[in-house]
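Okay, here's what each chain looks like letter by letter:
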Amino acid sequence: MKTSVIGFPRVGKLRELKFATEKYFRNEITAQQLEETAEDIRKYQWNLQKESNIDYIPSNDFSFYDLVLDTAVLFNIVPKEYKELNLSDIDTYFAMARGYQGENGDVKALAMKKWFNTNYHYIVPEIEDDTEIKLVGTNPFKYYSEAKKDGIETKPVVVGPFTLLKLARFTGNKSVDDFVDDTIKAYSELLNELSKLGVNWIQFDEPFLVHDITKEDLTLFDKIYNAVLAKKENIKVLLQTYFGDIRDSYENITKLKFDAIGLDFIEGKETLNLIEKYGFPKDKILLAGLVNGKNIWRNNYEKTISTLNLLKNKGIEVVLSTSCSLLHVPFTVENETKLSKDVLKHFAFAVEKLGELADLKVLAEEINFTEDNVFVNNKKLFSEDRNALNSEVAERIKNIKESDFTRLPAFEEREKIQKKEFNLPIFPTTTIGSFPQTADVKANRTALKKGEITEQEYIEFNKKKIAECVALQEEIGIDVLVHGEYERNDMVEYFGENLDGYIFTEKAWVQSYGTRCVKPPIVWGDISRNKSMTVDWSVYAQSLTNKPMKGMLTGPVTILNWSFPREDISLKECAYQIALAIRDEVLDLEKNGIKIIQIDEAALREKLPLRKADWYSEYLDWAIKTFRLTHSGTKAETQIHTHMCYSEFTDIIKAIDDMDADVITFEASRSDLLLLDSLKENNFKTEVGPGVYDIHSPRVPSVDEILTVLNKMAEKINPEKLWVNPDCGLKTRGVVETKASLINMVKAAKQFREKFNK
Ligand code: GLN
Ligand code: ZN
């Protein structure tokens, strides 16, 4: 059995690339020095893969920032304004990724978007009317030769022409059709040149195929590949798909002249059915993505071998592969020093997944594989109790009733009751929760972790910060206050650390974009809450003011979406567990006199399935219920807020209203007046606070600017339902600009009220 890896994490074992790149950005090292670090990383991981006997080792999966950007640059898709900066190649590249401000000019970065259903972000290529798509880059050649020099044969990986064109933005009058011929030429030339270099295999990544594909798209795909594949000579082409199945293109694609097709058997729930239904062509190799590239749990060898055998029995030539690039998992468990062996043995990060491929390569050829120790030990992992279970939690989940998802009385009645209860002015002002996490706040937390101060000292310091924060908000004249979230490092990590069932890693970083990496916590077992997590802070904050103080929680869907989930229970079940824990916290806050509670679902939209048909059945149906479970037990007087980081919910607006919160705040940056229209059309019932200024920039908005925004909002939103707030937490902002911005926001709200009351 041969094995293949789609891609490997490129940040390095200990994020070496991140640190080197950031040094380069700060002018502390030269481009040459950065390149040396990069070369070491590439060499190191090729050798790791060679040691694991991987047959199809990727090259050109390395990137200084992002693979889509690399592909754009490879084919000369560089907007004029970046070319005109006249920078070196690498600096032009970074200018596209991060913007440039200096002697040579002032240009913003290209847009960045979420890469399918992952937390990785790609740079959106921009094609202008006079962009000339042609092969100009050299990386695939360079990296192939570099590995070859080391005695390692690799398959260069390139984002395929279809996905590239579908992800690109066309900024002029032309569209995809105007660029198809040049794209075909450019990719054909790439094949030609690689073939001349002696390359055996090339991998074209076409993940766009896992979306709902239209007829036009299919025609486009066929047209491009018929042409590109017609001209290839000695080189073999692997069409690689991932993040789902390719149900609407499978039949077509298997008829094209690809030499191999890579399919995802982990997220592709229709993959096996497609093979059953349409068969798999005898003249092609099937790369079966059975080793999960997105999650960190050990592969179940028994299941994997049984699928491999099923495929082999159909007479298919199978290569075992990862389900997607390993970019989406951390580098190695070897970096973890605090977790016990008994815990770590359940995890496979990128390096360990290579080991799994190596194990399976051998096992799949053995007749008596079930007697092999490697197999036996693997099997044990799945039968053994990993102390993850909690019968009380299971019992509670079992006892959830349909009525637990419904808060009574209904929204309209609650709205009336709450208007009386709070007696807030029209257009009430509030913030999203966090206030600037200044150096002293972080130092206080670090000191506690290092044992340099006592728990009591830590608490006293935060109380002082809270008192200052409350005083500041009162001084500014905000209506609904927050405590500032000084005790939180991160909105998910904080709750993970306070809930039972979660575990944390030290170095399990995953690239989110460019040099930014995140360290998602791991859902290890049944989740429960054994103590209140936020009550003391909120109660203290409320004691300092007569204005309502919002209790501040992270919602269960967001907590789950930003973690590595379990695989032994469903996402829904896990979400319900977290929801019950948050529900207890909500009721605890309420019992302790907190009358407004915000449950943030910043990442709710993030895991929306790629196919529309799956939106409700696979996700929203339970995700919305999960949220409702957290607040259905509250009194009518208690006001439930929620916050979402994006306003991209025009298409799921009913579901958002169905969360049945009393107020929702969200990011309503520039272009999103469209959303306001759709709120109106859909008779959105929930009160709304579309952020009136952008907190992602240090700029202080003027009163007039905010008034303009408010005017526009009040045209579309019932004034009785409109709140005034920034568009996200203020954690990353400086103290001075925060105060200035909030002062302007409150002034604007007051002026707006006056005008409105006239
Ligand atoms: N309450 C959180 C904060 O203000 C929300 C953060 C977020 O939406 N990302 O920081
Ligand atoms: Zn936000």
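Remember, it's a predicted structure, so these values are computed and weren't measured experimentally. (Residues numbered from 1 in each chain as written. Chains lettered and ligands numbered in written order. Predicted model: local features only at pLDDT ≥ 70, side-chain atom pairs only at ≥ 80, totals over all residues. Heavy atoms only, no water.)

Could you give me a rundown of the coordination of the zinc ion (ligand 2), with the residues and numbers involved?
Under perfect tetrahedral coordination by four donors, a metal shows angles of 109.5 degrees; under perfect octahedral coordination by six donors, it shows angles of 90 or 180 degrees. Around the zinc ion (ligand 2), the protein contributes the donor atoms His643 (NE2), Cys645 (SG) and Cys728 (SG), at 2.1 to 2.2 Å from the metal centre. Positions of the donor residues of the zinc ion (ligand 2) along the chain correspond to the pattern H-x1-C-x82-C. Taken together, the residues His643 in strand E21 (residues 639-644) and Cys728 in the loop between helix H27 (703-716) and helix H28 (735-757) connect sequence positions 85 residues apart. A relative accessible area of 15% means that Cys728 is categorised as buried. (Donors = N, O, S within 2.8 Å, 3.2 Å for Na, K, Ca; no water. Helix = DSSP H or I, 4+ residues; strand = E, 2+ residues; numbered from the N terminus. Buried < 20%, exposed > 50% of the residue type's maximum accessible area, 1.4 Å probe, protein only.)

Run through the sheet that holds strand E19 (residues 550-554), naming residues and quoting values.
Strand order across the open sheet formed by five strands is E19-E20-E21-E22-E23, with parallel pairing between neighbours. Of all strands in the sheet, those with a lone pairing partner are E19 and strand E23 (687-690), marking the two edges. Adjacent strand axes in the sheet meet at a mean angle of 20° when their direction is disregarded. Here four bridges tie strand E22 (residues 663-666) to E23, and the two strands are oriented parallel to one another. In the strand pairing of E23, Thr665 is matched with Gly689. Lying over the sheet, helix H23 (residues 571-591) contacts E19 and strand E20 (596-600), oriented at roughly 175° with respect to E19. (Pairing = 2+ DSSP bridges. Axes fitted to C-alpha atoms, helices over the stretch in contact; angles between N-to-C directions. Contact = heavy atoms within 4.5 Å.)

Residue-level account of the packing of helix H2 (residues 31-51) against helix H6 (residues 139-149), with values.
When two helices pack together, their arrangement is given by the angle between the helix axes and the distance between those axes. It is at 11 Å that the axes of H2 and H6 come closest, and there the two elements cross at 55°. By the angle between their directions, the pair H2 and H6 is classed as oblique. Helix-helix and strand crossings are classified by hand; for H2 and H6 the assignment is right-handed. From H2, Glu35, Glu39, Arg42 and Trp46 reach across to H6, where they touch Lys142, Tyr143, Glu146 and Ala147. When the residues that make up the contact of H2 with H6 are grouped by side-chain class, the tally is three nonpolar, no polar and five charged. (Parallel < 35°, antiparallel > 145°, perpendicular 65-115°, else oblique. Left-handed = near helix turned anticlockwise from the far one by under 90°. Nonpolar A, V, L, I, M, F, W, Y, C, P; charged D, E, K, R; others polar.)

Run through the pairing of E21, naming residues and quoting values.
Across a regular strand the side chains alternate sides, sitting on one face of the sheet and then on the other. A large share of E21 lies buried, amounting to six of its six residues. The alternating pattern of E21 places Gln639, His641 and His643 on one face and Ile640, Thr642 and Met644 on the opposite face, and all of these are buried. Judged from the three bridges that link them, E20 and E21 form a sheet pairing that is parallel. Residue pairing in the sheet places Gln598 in a bridge with His641 of E21. In terms of handedness, the path from E20 via helix H24 (residues 615-631) over to E21 forms a crossover that is right-handed. Bridge count for E21 against E22 is four bridges, and the pairing is parallel. Residue pairing across strands places Met644 opposite Phe666, the latter belonging to E22. (Right-handed = clockwise from strand over helix to strand, strands pointing away.)

An account of the site of ligand 1 is needed here, citing residue identities and associated values.
What surrounds ligand 1 is the set Ile432, Gly433, Ser434, Glu485, Met491, Asp600, Ala602, His643, Cys645, Cys728 and Gly729. Between Ser434 and ligand 1, the recorded distance is 2.7 Å, taken from a side-chain N or O atom to an oxygen atom. Side-chain polar atom of Glu485 to a nitrogen atom of ligand 1: 2.9 Å apart, as the coordinates give it. For ligand 1, the protein covers 90% of the area, taking 300 Å² as the surface of the free molecule. Broken down by class, the residue content of the shell around ligand 1 amounts to five nonpolar, four polar and two charged. (Near = heavy atom within 4 Å. Polar contact = N/O pair within 3.5 Å; in protein donor to acceptor, adjacent residues only side chain to side chain. Areas by Shrake-Rupley, 256 points an atom, 1.4 Å probe, with all protein chains shown as cover.)

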